[in-house]
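Survey of secondary and tertiary structure
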Amino acid sequence: MNADALKVLVTGGKGFIGSAVVRHLVEHTDHEVVNVDKMTYAATHASTESVSDSPRHTFEQVDICDVDRITSVFAEHAPDVVMHLAAESHVDRSIDGPGAFVQTNLIGTYTMLEVARVAGVQRFHHISTDEVFGSLGPDDPGFTETTPYDPRSPYSASKAGSDHLVRAWGETYGLNVLVTNCSNNYGPYHFPEKLIPLVTIRALLGETLPVYGDGQQIRDWLHVEDHASALVTVVQSGVPGETYNIGGKSEQTNLAVVEAICDLVDELAAPLPTGAARRSLITFVADRPGHDQRYAIDQRKIQAELGWTPTHTFDTGLRATVQWYLDNEDWWGPLRTGGASDRRGLAG
Ligand code: NAD
């Protein structure tokens, strides 16, 4: 498809990954962005401040479940393609209150598909997670694009359902769909209830670090800017109807991530008043119900077919990310309101 000067409607473009996609589109391509976001607790305007003056960035505060408002947005802006990231995204919140996940992730995706279909968009790219595939054993090969779905939390089940809706709209109505399933992301503007920002902030402040279970759950980590570049590659060059898995080739146990952050905060911030190493803040709490043991991504398809590979290593990316949170208390300070993970344990 012609990759020049598309009008891209991005949903969830004020959240963690969506804002990285918006920044990437404005700063590294000629595309125009229509950023549609409801501004839930997880959204901040600061995340797109660097592109807010660009004439190629427009923001619409709209709930994707609101069919009338979404229809108006499509009528007004006539987007060429949709990149659909808006979602409820936190596993612990999905355990506390699954209703919002069913609403936004299923009804919201259905609404976007129907409006996009009627409007005749050229492409509908649905952004999903590796959590739809369930949990791997220690020696299992990574998830491929054909791994059967086995979601185990309300979050992953609602994302799995949304993936199925997208593929059904492709098969049944001929909508030109693309699906990507990605591993755990980290980087700037990550809401401070998620593992890496939460541990960084709690370690900085000398608060306890209550790791779920034994902390031996394994996640694959990808820097959010690498995810954004992968998503833009897929929306421009992906084969219609195809799915691409995206990963960072960086499997880590949750405990190893927590320990690495403790060491970085010791190195980069002032010492604790007690003089103790931050690893001493780590405690272990009862495991999350249905906690998946291991996620790993086989990303050979996107690498071979679209030529995308991650550019950040976990070591350099984590160091830069920890430094970003240390430098940006103005951003995360007001967002610390006792999120779900503050009440429970720490996990990726
Ligand atoms: P996030 O929670 O940081 O951001 C979600 C954004 O969607 C927020 O800006 C929020 O305001 C918006 N939103 C929520 N409900 C909405 C609604 N009803 N209408 C309009 N906007 C709404 O999430 P994220 O981490 O940026 O994840 C983005 C997408 O990527 C999600 O679909 C998620 O499933 C997927 N994903 C995330 C990860 C990860 O590690 N964070 C990994 C793989 C895939």
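Here we summarise the structure given alongside this text. (Residues numbered from 1 in each chain as written. Predicted model: local features only at pLDDT ≥ 70, side-chain atom pairs only at ≥ 80, totals over all residues. Heavy atoms only, no water.)

1. Here we look at the site of the ligand
Stated precisely, the cut-off is as follows: Nearness is judged by heavy atoms alone; a residue qualifies as near a molecule or strand once a single heavy atom is within 4 Å of it. Any pair of N or O atoms that falls within 3.5 Å is considered a polar contact. Within protein, one atom must be able to donate a hydrogen and the other to accept it, and sequence-neighbouring residues count only if both atoms are side-chain atoms. Each helix is a run of DSSP H or I of at least 4 residues and each strand a run of E of at least 2, with the numbering of both proceeding from the N terminus. Residue polarity follows a fixed list, in which Ala, Val, Leu, Ile, Met, Phe, Trp, Tyr, Cys and Pro are nonpolar, Asp, Glu, Lys and Arg are charged, and the others, Gly among them, are polar.
The ligand sits among 28 residues. The nearest are Ile17, Asp37, Ser89, Tyr155 and Lys159. Contacts to the ligand include Gly15, whose backbone N or O atom sits 3.0 Å from an oxygen atom. Among the secondary structure elements, those contributing two or more residues to the shell around the ligand are α1 (16–28), β5 (123–129), α5 (154–173) and β7 (184–186). Counting residues per element, the shell around the ligand draws most heavily on β5, at three residues. The residue inventory of the shell around the ligand, partitioned by class, reads 13 nonpolar, ten polar and five charged.

2. Looking at the sheet that holds strand β2 (residues 32–37)
As a reminder, the rule being used: The pairing criterion is simple: DSSP has to find at least two bridges between the two strands. In this analysis, axes come from line fits to C-alpha atoms, helices being fitted only over the stretch in contact, and the angle between any two N-to-C directions falls in the range 0 to 180 degrees.
In space, the seven strands of this open sheet follow the order β3-β2-β1-β4-β5-β6-β10, with parallel pairing throughout. In this open sheet, the two strands that pair with only one neighbour each are β3 (57–61) and β10 (243–246). Strand-to-strand twist in this sheet, taken as the mean axis angle between neighbours without regard to direction, amounts to 20°. Sheet topology note: the strand β1 (residues 7–11)/β2 ladder contains five bridges and is parallel. Bridging from a neighbouring strand, Lys7 pairs with Glu32 of β2.

3. Overview of the environment of Thr146
For Thr146, the position within the fold is in the loop between β5 and α5. Taking the C-alpha atoms as reference points, Thr146 and Asn245, 99 residues apart in sequence, are found 9.9 Å from one another.

4. Some details on the packing of aromatic side chains
Stated formally: The rule is short: rings of Phe, Tyr and Trp, with Trp giving its six-membered ring, pair when the centres are within 6.5 Å, and they are stacked under 30 degrees, edge-to-face over 60, tilted in between. Three labels apply to residues, based on accessible area from a 1.4 Å probe with only protein chains included: buried if under 20% of the type maximum, exposed if over 50%, partly exposed otherwise in between. Throughout this description, the term charge over a ring refers to an Arg CZ or Lys NZ atom that lies within 6 Å of the ring centre and within 35 degrees of the ring normal.
Counted according to the given criterion, the structure contains 15 aromatic pairs. Relative to Trp221, the ring of Tyr186 has its centre 6.3 Å away and its plane inclined at 75°; by these criteria the two rings are edge-to-face. A residue pair is termed long-range when its members are at least 10 positions apart, and Tyr186 in strand β7 and Trp221 in strand β9 (residues 218–223) qualify at 35 residues. A relative accessible area of 1% places Tyr186 in the buried class. Between Trp324 and Trp331 the ring centres are 5.6 Å apart and the planes differ by 65°, which places this aromatic pair in the edge-to-face class. Clustering of aromatic rings is evident, with ring pairs tying together Phe133, Phe143, Tyr149 and Tyr295. Its end group placed over the ring of Tyr41, Arg93 keeps NZ or CZ at 3.6 Å from the ring centre.

5. Section: empty space enclosed by the protein
Keep this limit in mind: With a 1 Å grid laid over protein atoms only, a set of points is called a cavity when a 1.4 Å probe fits there but cannot get out and a pocket when it is open yet has protein on both sides within 12 Å along at least five of seven lines; lining residues have an atom within 4 Å of a point. Grid points are joined across faces, edges and corners, and a volume is the space filled by probe spheres set on the points.
A full pass over the atoms with the stated rule returns one cavity of 30 Å³ or more. Approximately 870 Å³ is the volume attributed to the largest cavity. In terms of lining residues, the largest cavity is bounded by 43 residues, among which Ile17, Ala87, Ser89, Tyr155 and Lys194 are the most central. For the lining of the largest cavity, the elements supplying multiple residues, two or more each, are α1, β2, β5, α5 and β7.

6. Concerning α1
The condition that has to hold: In this analysis, the expected span of each helix is defined as 1.5 Å times one less than the number of residues it contains. Two residues form a contact once any of their heavy atoms are found within 4.5 Å.
Here α1 spans 18 Å end to end across 13 residues, near enough to the 18 Å set by a 1.5 Å rise per residue. Counting buried residues in α1 gives ten out of 13 residues, a clear majority hidden from the surface. Looking at the packing, one finds that the buried side of α1 touches β1, β2, β3, β4 (81–84), β7 and α7 (224–237).

7. Some words on the side chain of Arg288
Checked against the element boundaries, Arg288 lands in the loop between β12 (282–285) and α9 (300–306). Within the local environment of Arg288, its side chain forms a polar contact with the side chain of Asp92, the two groups lying 3.0 Å apart. Among residues more than four places away in sequence, those in contact with Arg288 are Val91, Asp92, Ile95, Tyr212, Ala347 and Gly348.

8. Topic: the side chain of Ser94
Considering the arrangement of structural elements, one finds Ser94 in helix α3 (residues 91–96). Given a relative accessible area of 0%, Ser94 falls into the buried group. One polar contact links the side chain of Ser94 to the main-chain amide nitrogen of Tyr155, over a distance of 3.1 Å. Apart from the residues within four sequence positions on either side, Ser94 is in contact with Phe101, Ser153, Pro154 and Tyr155.

9. Some details on the sheet that holds strand β11 (residues 251–253)
A sheet is described by the order of its strands in space; here three strands give the open sequence β7-β9-β11, paired in mixed fashion. Only two strands of the sheet have a single partner each, and these edge strands are β7 and β11. Each neighbouring strand pair of the sheet contributes to a mean axis angle of 50°, computed without reference to strand direction. Here three bridges tie β9 to β11, and the two strands are oriented antiparallel to one another. Residue pairing in the sheet places Asp220 in a bridge with Glu251 of β11. Here helix α8 (residues 254–268) sits on the sheet in contact with β9 and β11, set at roughly 80° to β11.

Honestly, that's just the spatial picture; any functional story needs more than this.
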